[in-house]
Amino acid sequence: MMRLPKFERLLPSSVAEACQMLNQHKNEAEPIAGGSDILVSMKQRVITPKYLVDLTTIPNLDYLSYDDKEGLRMGPLTKIIKLARDAKVAEKYPAIAQAAASVGANQHQFMGTIGGNICLDTRCWYYNQSSFWRKSRAPCIKFNGDTCYIATASKVCVAVYSGDLAPSLIALGAEIKLSSPKGERVIPLSQLYSGDGKVYLTKEKDELVSEINLPPPPAKSCSTYMKLRMREAIDFPMMGVAVNVVLSNGKCSQARIVLNTVASAPVLASDASSHLVGKELTAEVIKEAAEKAYREAKPISDTGGCPAVYRKKIVRVYTKRTLEQVVSKLT
């Protein structure tokens, strides 16, 4: 049985105090909310923080608030199950509800939070293992070693990002508020991810996601999310596709296709997305967009049990299916 390493639990009463705690303890502290991911990593000795800053002691961070003019405001401690079951989210942002419902199993959804899911660490077959398993070889780049065992010629870590919520949120134009001892800043969610598997987030160690915002959906729009995994519950995605499409006068006026688990960050398939704009979404146009998404995807075999060549082919299949679903609901 793997046991947790020793740590001290810190109990902030506000976001500002939590940021100060993270700043005070620098690289020795990590935030915790639901704990569905970080506690597993600690048991595996993937990370061994001396301090855990418990965000659940901060009031008023668990909320969903929708307004037709302002859109959707979400607190970072909002449970994933709440997103999956909220009627307004399902009506206005179906891709978010679908992504939330696909996270792990019900137990993970009841414990996991929005903030935790969008800040999920990148994953790799050679990284997410017990300390006993990892002792059989020299440390990889993500553990400050010199070698990437997945892509041996690479000088950077290629561990993949596999959070379910971020691709759909990015497809829908989400912004996040980051709080730190220096103040607050608002950035597009897509800018939170660096694309480097080792240092995968652009936020500072003493910054916390304090709010997630989505603009109101246009009148003639629809979104959806599809996920490939070994089992229909528990498993992380092997590949996922989030799509958001807006129609105007029968033609596509906006489109975003975001690929999941094909890189160290969610990937906006820009060629595939732009191919749809200005066109009627016929079967041929959808097929062409799916082919462009296939060409843009560059997965590698670091997710265990599913080779990169298969996941790349599924990008084409799932992009086509998601677009067909969206068109069927819009017409």
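Data block above holds the structure.
The present account deals with the structure reproduced in this document. (Residues numbered from 1 in each chain as written. Predicted model: local features only at pLDDT ≥ 70, side-chain atom pairs only at ≥ 80, totals over all residues. Heavy atoms only, no water.)

As a further point, take the pattern of salt bridges. Counting across every chain of the model gives 14 salt bridges. Among the ionic pairs, Lys82 bridges to Asp62, the shortest N-O distance being 3.7 Å. Separated by 20 residues along the polypeptide, Lys82 in helix H3 (residues 80-85) and Asp62 in the loop between strand S3 (51-54) and strand S4 (64-67) bring together distant segments of the chain. Classification of Lys82 as partly exposed rests on a relative accessible area of 34%. (Salt bridge = Lys/Arg side-chain N within 4 Å of Asp/Glu carboxyl O. Helix = DSSP H or I, 4+ residues; strand = E, 2+ residues; numbered from the N terminus. Buried < 20%, exposed > 50% of the residue type's maximum accessible area, 1.4 Å probe, protein only.)

In space, the 4 strands of this open sheet follow the order S9-S10-S11-S12, with antiparallel pairing throughout. Sheet topology places strand S9 (221-228) and strand S12 (267-268) at the edges, where each strand pairs with a single neighbour. With 8 bridges connecting them, S9 and strand S10 (residues 239-248) associate as antiparallel partners. For Met226, the partnering residue across the bridge sits in S10 and is Val241. The strands touched by helix H12 (residues 308-330) within the sheet are S9, S10 and strand S11 (251-260), with S9 carrying the most contacts at an inclination of about 150°. (Pairing = 2+ DSSP bridges. Contact = heavy atoms within 4.5 Å. Axes fitted to C-alpha atoms, helices over the stretch in contact; angles between N-to-C directions.)

A separate point is the packing of aromatic side chains. Applying the stated criterion to the full structure yields 5 aromatic pairs. Measuring from ring centre to ring centre gives 6.2 Å for Tyr66 and Tyr93, while their planes differ by 75°; the resulting arrangement is edge-to-face. Here Tyr66 is found in strand S4, whereas its partner Tyr93 is found in the loop between helix H4 (87-92) and helix H5 (94-101), with 27 residues between them in sequence. Its relative accessible area of 22% is what places Tyr66 among the partly exposed residues. The buried category is assigned to Tyr93, whose relative accessible area is 1%. (Phe/Tyr/Trp six-rings, centres within 6.5 Å; stacked < 30°, edge-to-face > 60°.)

Counting 40 residues, the largest nonpolar core has Ile118, Leu169, Leu189 and Tyr193 as the members making the most contacts within it. Listing elements by their share of this core, those giving two or more residues are strand S5 (71-74), H3, H5, helix H7 (114-118), helix H9 (165-171), strand S6 (175-180) and strand S8 (208-214). Not counting residues up to four positions away in its chain, the partners in contact with Tyr193 are Ile118, Tyr161, Ala166, Ile170, Tyr200, Leu201, Thr202, Ala265 and Pro266. Judged by nonpolar contacts, the second largest core, of 31 residues, contains Met239, Val245, Ile286 and Leu330. (Core = buried A, V, L, I, M, F, W, Y, C linked by side-chain atoms within 4.5 Å.)

Turning our attention to helix H1 (residues 15-24). Three or more residues of H1 are buried, namely Val15, Ala18, Cys19, Met21 and Leu22. Along H1, the residues classed as buried sweep out an arc of 155° about the axis, all on the same side. When the buried face of H1 is taken as reference, the exposed residues oriented beyond 90 degrees from it are Ala16 and Gln24. Where H1 is buried, its residues touch strand S1 (8-10), strand S2 (29-32), S3, S6 and S8. (Arc of directions from axis to C-beta.)

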